[in-house]
Structures are given as structure tokens and as C-alpha cells.
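# A structural walkthrough
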Amino acid sequence: MSNKHLKNTNPYNPLPEDFFQQPTLKLAEALLGCLLINETEEGIASGYIVETEAYMGPEDRAAHSFGNRRTKRTEIMFSEAGVAYTYVMHTHCLVNVVSGPTDKPEAILIRAVEPVDGIELMKKRRNIEIPKNLTNGPGKLTKALGITMGDYGRHFTEPPLLLVKGITPQEISRGKRIGIDNSGEAKDYPWRFWITDNPFVSRHRKKD
DNA sequence: CTGACGATCCGCT
DNA sequence: GCGGATCGTCAGG
């Protein structure tokens with residue numbers, strides 16, 4: 001990948017080899033501040049991850065892999081950590097980082113990023129001008145970065161979809177996940193993480 | 001084949 | 001805060 005036109009991400013600092021091997025809840029926190037990059041024919045776009053949610057597999061009623069549910073869609077969750085699990089929600093594509101050991105179907109949903117490179121491209125893709133609204137939601141950031149179902153199963157350790165070292169969050173907050181109200185007790189688990197006070201976090205709950 | 005269901009977004013109140 | 005849009009996936013007949 002050419003770094004020529006990147007103003008904030010040159011050079012890339014690769015993540016340590018074992019970065020994706022840590023336990024899912026730790027990884028969900030460690031992903032905050034990492035730079036998510038995607039390269040397409042249209043160009044390069046990237047953003048710092050500012051909000052994540054952990055989905056803990058068989059015991060988590062909110063997870064697609066609850067009860068070890070294994071279908072064509074969830075299959076990739078059963079593979080090695082560090083690959084992309086993309087799926088379509090209504091009209092939007094959402095992206096997860098697969099985590100946990102092989103055959104343990106855990107994943108981390110990327111809920112929001114802070115735009116870094118390719119902001120003009122993001123505006124064009126999202127068809128809006130306001131920077132704050134470009135990537136402050138899981139469906140918004142995939143559209144802004146050009147992430148699609150074609151990225152299903154790709155490794156985050158190599159282009160075109162890449163995760164590299166970014167910034168170190170000053171403070172991290174933790175609370176309940178969003179949009180899973182029909183999942184029994186699982187809806188109250190504090191498995192959502194975000195960079196405290198970051199303006200690109202998708203939304204705030206009254207009670208966390 | 002059919003229908004039910006969302007890990008959402010957007011516009012409007 | 002609320003409701004409609006809108007569509008791929010999955011399970012059941």
C-alpha cells in the first residue's frame with residue numbers, strides 16, 4: 001500500500017503478533033485507539049476506533065453465535081482471531097473483529113471511529129458534509145470506509161483491510177450494549193467500551 | 001417458497 | 001423519543 005498521500009498515518013506501526021490473542025473483553029478495550037484502515041479503488045480511508053462491543057459466543061444471548069449457532073453467516077466467528085466478520089443489518093453492513101480461540105465464536109463489533117484519513121472520500125460516500133456524523137455508528141463507519149460483505153473473512157493484519165497501532169486513549173468508559181433489548185439478562189452485561197467523552201461515540205445511554 | 005426478525009439509520013415530533 | 005424503511009438470513013412447511 002502506498003503511504004504517499006497519508007498525512008496522519010505515516011509510517012504505520014503494526015500491531016504486535018499476539019495482539020488478537022488476548023481475551024475478548026481485553027481485546028475489546030485494547031482496540032480503542034487503534035487505527036482502522038481500508039483501501040479500495042476509490043482511495044484510502046481510516047479512523048481511530050473509539051467504541052466497541054464484545055459478543056461472547058455460546059453463552060451470550062445477544063450474540064449471533066449464541067448456543068454455538070453455526071450457519072453460513074456465523075461460520076467465520078469460529079475461525080482464528082483477527083479476521084473480519086461482516087454482516088448485513090437492514091440496509092447496512094456492520095463489521096466485527098473475530099476474537100477468542102479457534103472454535104470459540106466470539107467477536108467484537110466496531111461501533112464508531114474517529115475519521116483520520118480520506119475525510120473527503122467519506123463525505124462523498126456518506127453524501128453528507130458534517131464530519132461529526134460520518135462515522136459515529138456501526139453502519140455509518142462501514143459506509144464511510146467502504147467496508148462491505150466482500151471483506152468477510154479478511155485478515156486485519158494485511159491490506160486492504162488493516163488494523164494498526166494508533167493513539168492511546170486517555171480514559172476508557174464501560175457500560176451496557178446498545179440495541180439488544182430482546183436478549184434477556186444479556187442486555188445488561190457491561191460489554192460496551194468507548195473512549196470517554198470522545199465526540200464520535202455513537203450515542204450515550206442515560207444509564208450505563 | 002414464505003414469513004419473521006433484527007448488534008441500524010434517518011427524519012420528524 | 002418514535003416509527004418506518006428495507007433486505008439478507010434463517011427456519012419451517
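Sequence order as written defines residue numbering, which begins from 1 separately in each chain. To read the labels, note that chains go from A and ligands from 1, taken in the order they are written. Only residues with pLDDT of at least 70 get local features here, since the model is predicted, and only at 80 or more are side-chain atom pairs given and counted; chain-wide, interface and lining totals rely on the full set of residues. Where side-chain values are given, they derive from all heavy atoms of the structure, hydrogens and water being excluded.

### A few points about the pairing of strand S1 (residues 35-40)
Heads up, the condition is: At least two DSSP bridges between two strands are required for those strands to pair. In this text, helices come from DSSP runs of H or I with a minimum length of four residues, and strands from runs of E with a minimum of two, each type numbered from the N-terminal end.
Sheet topology places S1 next to strand S2 (residues 43-55); 6 bridges connect them, and they run antiparallel. Bridge pairing links Leu-35 to Tyr-48 in S2. The antiparallel hairpin formed by S1 and S2 contains 2 residues in its connecting segment. Relative to strand S7 (residues 161-164), S1 runs antiparallel, the two sharing 4 bridges. Its bridge partner being in S7, Leu-35 is matched across the sheet by Val-164.

### Quick word on the side chain of Glu-53
We count it as follows: Relative accessibility under 20% of the residue-type maximum defines a buried residue, over 50% an exposed one, and the middle range a partly exposed one, all with a 1.4 Å probe and only protein chains included. Pairs of N or O atoms within 3.5 Å make up the polar contacts considered here, provided that, within protein, one atom can donate a hydrogen while the other can accept it, and that residues adjacent in sequence are counted only when both atoms are side-chain atoms. Contacts are assigned to residue pairs that have any heavy atoms within 4.5 Å of one another.
With respect to the element layout, Glu-53 can be found in strand S2. Accessibility expressed as a relative area gives 0% for Glu-53, which makes it buried. Separated by 2.8 Å, the side chain of Glu-53 and the backbone nitrogen of Ile-178 make a polar contact. When residues no more than four places from it in sequence are discounted, the contact partners of Glu-53 are Ala-107, Ile-108, Leu-109, Arg-111, Arg-177, Ile-178, Trp-191 and Arg-192.

### Points about the pairing of strand S9 (residues 192-195)
Burial along S9 is two-sided: the face carrying Arg-192 and Trp-194 and the face carrying Phe-193 and Ile-195 are both buried. Relative to S9, strand S8 (residues 172-175) runs antiparallel, the two being bridged by 4 bridges. Bridging across to S9, Ile-172 finds its partner in Ile-195.

### Some points on unusual backbone geometry
Across the junction of Pro-159 and Pro-160, the peptide omega takes the value 10 degrees, indicating a cis bond. Assignment of secondary structure puts Pro-160 in the loop between strand S6 (157-158) and S7. Despite not being glycine, Asp-103 has its phi angle at roughly 75 degrees, a positive value.

### Details of the packing of aromatic side chains
Basically, it comes down to this: Two rings from Phe, Tyr or Trp (for Trp, the six-membered ring) form a pair when their centres are within 6.5 Å of each other. A pair whose planes differ by under 30 degrees is stacked, one over 60 is edge-to-face, and the rest are tilted. Distance and angle both matter: a charge sits over a ring if NZ of Lys or CZ of Arg is within 6 Å of the ring centre and within 35 degrees of the ring normal.
Counting across every chain of the model gives 4 aromatic pairs. Ring centres of Tyr-85 and Tyr-87 lie 5.5 Å apart, and the angle between their planes is 25 degrees; on these two criteria the pair is classed as stacked. Like Tyr-85, the residue Tyr-87 is buried in the burial classification. Ring centres of Tyr-85 and Tyr-152 lie 6.4 Å apart, and the angle between their planes is 75 degrees; on these two criteria the pair is classed as edge-to-face. Placement of the pair is Tyr-85 in strand S3 (residues 84-89) and Tyr-152 in the loop between helix H3 (138-145) and S6, with a sequence separation of 67 residues. For Tyr-85, a relative accessible area of 1% corresponds to the buried category. With relative accessibility at 26%, the residue Tyr-152 sits in the partly exposed group. A network of ring pairs unites the aromatic residues Tyr-85, Tyr-87 and Tyr-152 as a single cluster. It is Arg-70 that lies over the ring of Phe-78; its NZ or CZ is 4.2 Å from the centre. When the ring centre of Tyr-55 is taken as origin, the NZ or CZ atom of Arg-177, which lies over that ring, is 4.7 Å away.

All we've got here are geometric facts, nothing functional implied.
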